[in-house]
Amino acid sequence: GVEIATGVAEPEAPKINRSDQAWFTEGWGEFQQHMASFHLKVDPAPGKTMLTSIQDMAMMLGSRNTYRNRNYEVLGEFIAQLSSKSCDPLVQLNGLKVVRAILYLQPDRARWTTAIRNREFHRMMRNETPSDAEKTTPQFTSTQTLIGSMGGVELVVAYFAAPEKQTVLAALMLAVAMLDGGCRAVQDMFAAILTPALSSQTFFQQLHQIIEDGITALKQQKHLKQEVPAESMTQLLAASNAAPALSESLQYMTEVMKMLARFCMGQHKPLQDILLNQRFNKVSYDFYEKSVNYLSELEPQLREAIRNEDLVVVEGGIRGFHMLADAMRGPNHANQFAISSNALYDLIHRFMVKLQVESPEGSKKGAFCAGGYDELARNNLRSRLKTAVTTCVLQFLEGGVNPEIPRHMLNMLQWSSLASNMDKCFKLIQSGSKLVDQELLYEEGLNYFFTLKFLKNFDENDQFIVPAWTPFMQAVHFFETRCGYVEIMRSQRVERVYFALPVTCIPGGALDKDFPEMFDAERSDPDRKNQNFLDNMLAVIQRTMHQEVVRDSNMAWTIQYFTMICSVSFYNALLIHMTVIFGSYTPWWHREAAMEYMGASDPTPADVWFNEDMMPTTIGVSIALTIILGLVACLRAVAFVYAELWDIIRDGLHDSKYDKTAAEGAWDQGEVDKDDRGELDLEESEEEKNNRKDPFAEKTNLSRKPWKESASGSIKVTPVETKPSNWKRVLIIVLKSPWCWYEFLLFTTVWLPGLLPEPT
């Protein structure tokens, strides 16, 4: 007991003896709440889950087969009711989830099965990107545009001012889903509603408040950890969860960064500029500066978050750097100068130094996180985070920037650590290490090399980059052979573009060729030379794309071994000829006469050996080789059809006289007045576009004029020859191709002798 002022001892609190069942029941409830809140991203409170109902309502409202919803009238009324101020907060929350679920389920996708939709709905529950967003399919983009045009954008902006935090979070998630993949139409809708001060002031105030709350929560967490004694591990672990609403704030910030990144995706300059300065608003916020401040406060948490596999914290950092990178793409020079700061460069340096690959030997024995993840998962997170950092660095250098930014970067960053990280990636790739996913390592290492290579152009006296990467020349050479480079002169400014070469283009790859056909162009006229070069390059690209499709199929051998098959057929035929000649082969129609001639007199031992031993052996070997040649010819014919015939037909259709418009002929002959050349109408109808996609489709619209007639009527219209069907054109091209005739004659001359008694 404890003595009080009266001297009377206070009785001890009675000990509660709880059964194992009671302890389990309490722990099970806490486990359910944890799973619902942090993994399924739903509210576990009674009446607030409604998972099945949300899925069913999304299927009903998003389908045109629903009663009176042919043009989505019911969906429009539903969104309008959600926008009402009198709408119940619980209805608002679940209504936002229903609208978001429509984007994932896509009820009007006819070929989607129930299993596919259930899988997509679970992706939504785990707050993952829709599968179609990664491919940017037209169906998904049209669904995004539909939701935005039906009032989804206004719904998001309105609910940013909602007093319930869960409603604001649901609005953020809906905005991210509508903008996934960089839907241009939805971006335009957001730009239209966020530009005027009347409709955007509250939105930006709330957005600013969310970021400030996230920064404040991180600062509180940092102070609490500093106050806990280092020797008390229990208290240290308790302090890591003591900051109020830290996890909730970080989740909000992750969604905010995802939304801002999607605002800027696809180089959408109006939204990029709005996030820097809201010029029509009474109070303007620089959200890029706020994002850098947030990342600076988040950085001390990231190492521990990676160790514990805290995806919310790590994703917040990754999304933040990607958002800054998207804000500078275009390039947006104003944003490049605004984001460039000493604080950001110092933050980048800390990331490069502190985040290193974790090996089993370097980690504490048995030091696994609660989720049971190993070093691979943690190292993948590190690699993704550092790739995001270097992606942000590269965007400062995009578009022939003013040399002030790269020179400032050269003086601020420690380039030896960047080169060292590049070398570590190279060594892990060469050793085939399983500590990090190889694709992530390759992307991370290339980003380091791109950064160093780009800045070397501004390091005039080789003071920074060359000394930094000289100790790691093997890594430099490795990534240099996998790096493509283009220079573009625009507005008296050189723009440099570095990109990763496909695996087939690196030295020793399938496309490591000179492609001399690209330079087969007219030399006398510069314009025609450029045009011919571009046409040849497009032809090479189209052929390469077709070959890539074949390489990804079961018929990949037709391209990879076509040259070898041709060589085998040649040497096989040569061997047959050598066997026939050196074996003194006698044709079967002369053989009886030859036998009678050799047997007319007393046969010598050589005659006997030739007739009984040599001749049967020669006949057997030549027949066997001829059968083998026939099989090789079949393989060659199949490989020719898959690997080369498509290119012959495509080139023939491109060069066909039927593809030459009468306008080009009139232009070359001077039959078009110079003043009327701007009136050329070379646009295709929808039917012609569809026909162009399918080279074997029938073209029915043959009446289109080659150009619009001018008011003066001075254009002389040259008659356009009627185009035959594409099947006939293909047949004509094949019949006129020497290569096709060569392959046909080779095949027939190999197999036609099979009709004879001896195929040789």
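Residues numbered from 1 in each chain as written. Predicted model: local features only at pLDDT ≥ 70, side-chain atom pairs only at ≥ 80, totals over all residues. Heavy atoms only, no water.

Caption draft 1: How the structure looks around the overall build of the protein. In terms of helices and strands, the protein carries 32 helices and two strands. In the protein, which comprises 760 residues, the share counted as buried stands at 42%. A separation threshold of at least 6 residues defines the contact pool for the protein, and within that pool the share at least 24 residues apart is 71%. Entry remark: accessible area of the protein is about 41,800 Å², with carbon and sulfur atoms responsible for 57%. (Helix = DSSP H or I, 4+ residues; strand = E, 2+ residues; numbered from the N terminus. Buried < 20%, exposed > 50% of the residue type's maximum accessible area, 1.4 Å probe, protein only. Contact = heavy atoms within 4.5 Å. Areas by Shrake-Rupley, 256 points an atom, 1.4 Å probe, with all protein chains shown as cover.)

Caption draft 2: Here's a closer look at the confidence of the model for the protein. The predicted model of the protein has a mean per-residue pLDDT of 77, with 78% of residues at 70 or higher. In this model residues 1–11 is a low-confidence stretch, pLDDT under 50, and it forms six contacts with partners more than four residues away in sequence or in other chains. Scored below 50 in pLDDT, residues 687–723 makes 69 contacts in the model with residues more than four places away or belonging to other chains. (pLDDT = per-residue confidence, 0-100.)

Caption draft 3: View of the environment of valine 91. Along the chain, the position of valine 91 falls in helix H4 (residues 89–105). Along the sequence, valine 91 and threonine 167 sit 76 residues apart, while their C-alpha atoms lie 9.9 Å from each other.

Caption draft 4: Structural context of the packing of helix H20 (residues 415–431) against helix H23 (residues 473–480). Packing of H20 against H23 leaves a shortest axis separation of 9 Å and a crossing angle of 75°. The orientation of H20 relative to H23 falls into the category roughly perpendicular. Contacts between H20 and H23 pair Met422, Asp423, Phe426, Ile429 and Gln430 from the former with Gln474, Ala475, Val476, Phe478 and Phe479 from the latter. In terms of residue class, the contact of H20 with H23 is made up of seven nonpolar, two polar and one charged. (Axes fitted to C-alpha atoms, helices over the stretch in contact; angles between N-to-C directions. Parallel < 35°, antiparallel > 145°, perpendicular 65-115°, else oblique. Nonpolar A, V, L, I, M, F, W, Y, C, P; charged D, E, K, R; others polar.)

Caption draft 5: Seen up close, the pairing of strand S2 (residues 493–500). As paired elements, strand S1 (residues 483–490) and S2 share eight bridges and run antiparallel to each other. Residue pairing in the sheet places arginine 490 in a bridge with arginine 493 of S2. Hairpin connection from S1 to S2: two residues lie between these consecutive antiparallel strands, with serine 491 at a positive phi of about 55°. (Pairing = 2+ DSSP bridges.)

Caption draft 6: Examining the pattern of salt bridges more closely. Considering all chains together, one arrives at 19 salt bridges under this definition. The shortest N-O distance in the salt bridge between glutamate 128 and arginine 126 comes to 3.0 Å. Glutamate 743 is paired through a salt bridge with arginine 636; the nearest N and O atoms lie 3.0 Å apart. Here glutamate 743, found in helix H32 (residues 738–751), pairs with arginine 636, found in helix H28 (residues 605–655); they are 107 residues apart in sequence, far enough to count as distant. Assessed through its relative accessible area of 8%, glutamate 743 is described here as buried. (Salt bridge = Lys/Arg side-chain N within 4 Å of Asp/Glu carboxyl O.)

Caption draft 7: Spotlight on the nonpolar core. The biggest cluster of nonpolar side chains holds 138 residues, and the ones touching the most others in it are Phe190, Leu194, Met259, Phe263, Phe321, Met409 and Trp415. The element contributing the most residues to this core is helix H8 (residues 165–179), with 12 residues. Excluding residues within four positions of it along the chain, methionine 409 makes contact with Tyr345, Val393, Phe396, Leu397, Trp415 and Leu455. Of all hydrophobic cores here, the second largest spans 13 residues; its members include Ala639, Ile648, Leu653 and Cys740. (Core = buried A, V, L, I, M, F, W, Y, C linked by side-chain atoms within 4.5 Å.)

Caption draft 8: Spatial organisation of helix H31 (residues 726–736). All of the buried residues in H31 are Asn726, Arg729, Val730 and Ile733. The buried side chains of H31 occupy one side of the element, clustering within an arc of 100° when seen end-on. Among the exposed residues of H31, those oriented more than 90 degrees off its buried face are Trp727 and Lys728. (Arc of directions from axis to C-beta.)

Caption draft 9: Fine view of a nonpolar patch on the surface. A cluster of nonpolar side chains, Phe570, Tyr571, Leu574, Leu575, Met578, Ile581 and Phe582, forms an exposed patch at the surface whose accessible area comes to about 780 Å². Looking at where phenylalanine 582 falls in the secondary structure, it is placed in helix H26 (residues 562–582). You can call phenylalanine 582 exposed: its relative accessible area is 65%. (Patch = residues over 30% accessible without salt bridge, like charges linked within 9 Å, V, L, I, M, F, W, Y side chains within 5 Å.)

Caption draft 10: How the structure looks around the packing of aromatic side chains. Summed over all chains, the structure comprises 17 aromatic pairs. Ring geometry for phenylalanine 190 versus phenylalanine 263: centroids 5.2 Å apart, planes at 55°, classification tilted. With phenylalanine 190 in helix H9 (residues 184–194) and phenylalanine 263 in helix H12 (residues 246–264), this residue pair connects regions lying 73 residues apart in the sequence. Accessibility classification places phenylalanine 190 together with phenylalanine 263 in one group, the buried group. In this structure an aromatic cluster arises from ring pairing among Phe160, Phe203, Phe204, Tyr285 and Phe287. Note that arginine 482 overlies the ring of phenylalanine 478, its terminal NZ or CZ placed 3.9 Å from the centroid. The aromatic ring of phenylalanine 458 is capped on one face by arginine 496, whose charged end is 5.8 Å from the ring centroid. (Phe/Tyr/Trp six-rings, centres within 6.5 Å; stacked < 30°, edge-to-face > 60°. Lys NZ or Arg CZ within 6 Å of the ring centre and 35° of its normal.)

Caption draft 11: Looking closely at the side chain of arginine 482. With respect to the helices and strands, arginine 482 occurs in the loop between H23 and S1. Within the buried set, arginine 482 has no salt-bridge partner at all; the shortest N-O distance to an opposite charge, 10 Å, is to glutamate 480. When residues no more than four places from it in sequence are discounted, the contact partners of arginine 482 are Tyr442, Leu446, Phe499, Ala500, Leu501 and Ile506. (Lys, Arg positive; Asp, Glu negative; His and termini not counted.)

Caption draft 12: Inspection of unusual backbone geometry at higher detail. Cis geometry marks the peptide bond from glycine 330 to proline 331; its omega dihedral reads 0°. Locating proline 331 in the fold gives a position in the loop between helix H15 (311–328) and helix H16 (333–339). One non-glycine residue with positive phi stands out, namely asparagine 127, at about 60°. Relative to the elements of secondary structure, asparagine 127 occurs in the loop between helix H5 (114–125) and helix H6 (131–135). Residue asparagine 127 is classed as buried on the basis of its relative accessible area, which comes to 15%. Positive phi, close to 55°, is recorded for aspartate 462, a residue that is not glycine. Tracing the sequence through the fold places aspartate 462 in the loop between helix H21 (438–456) and helix H22 (465–469). The partly exposed category is assigned to aspartate 462, whose relative accessible area is 37%.

Caption draft 13: Broad picture of the packing of H8 against H9. Where H8 meets H9, the axes come as close as 8 Å, and the angle between the chain directions of the two elements is 130°. It follows from the interaxial angle that H8 and H9 lie oblique. When H8 is examined against H9, the residues Ala175, Met178 and Leu179 are found in contact with a partner set consisting of Val186, Gln187 and Phe190. Here the residues of the contact of H8 with H9 sort into five nonpolar, one polar and no charged.

Caption draft 14: Broad picture of the environment of valine 393. Among the secondary structure elements, valine 393 is positioned in helix H18 (residues 375–395). For valine 393, a relative accessible area of 4% puts it in the buried group. Here the alpha-carbon distance between valine 393 and tyrosine 448, two residues 55 residues apart in the chain, equals 9.6 Å.

Caption draft 15: The environment of isoleucine 623, seen in detail. Inspection of the secondary structure assignment puts isoleucine 623 in helix H28. Using a relative accessible area of 23% as the deciding quantity, one classes isoleucine 623 as partly exposed. Here the alpha-carbon distance between isoleucine 623 and isoleucine 576, two residues 47 residues apart in the chain, equals 8.8 Å.

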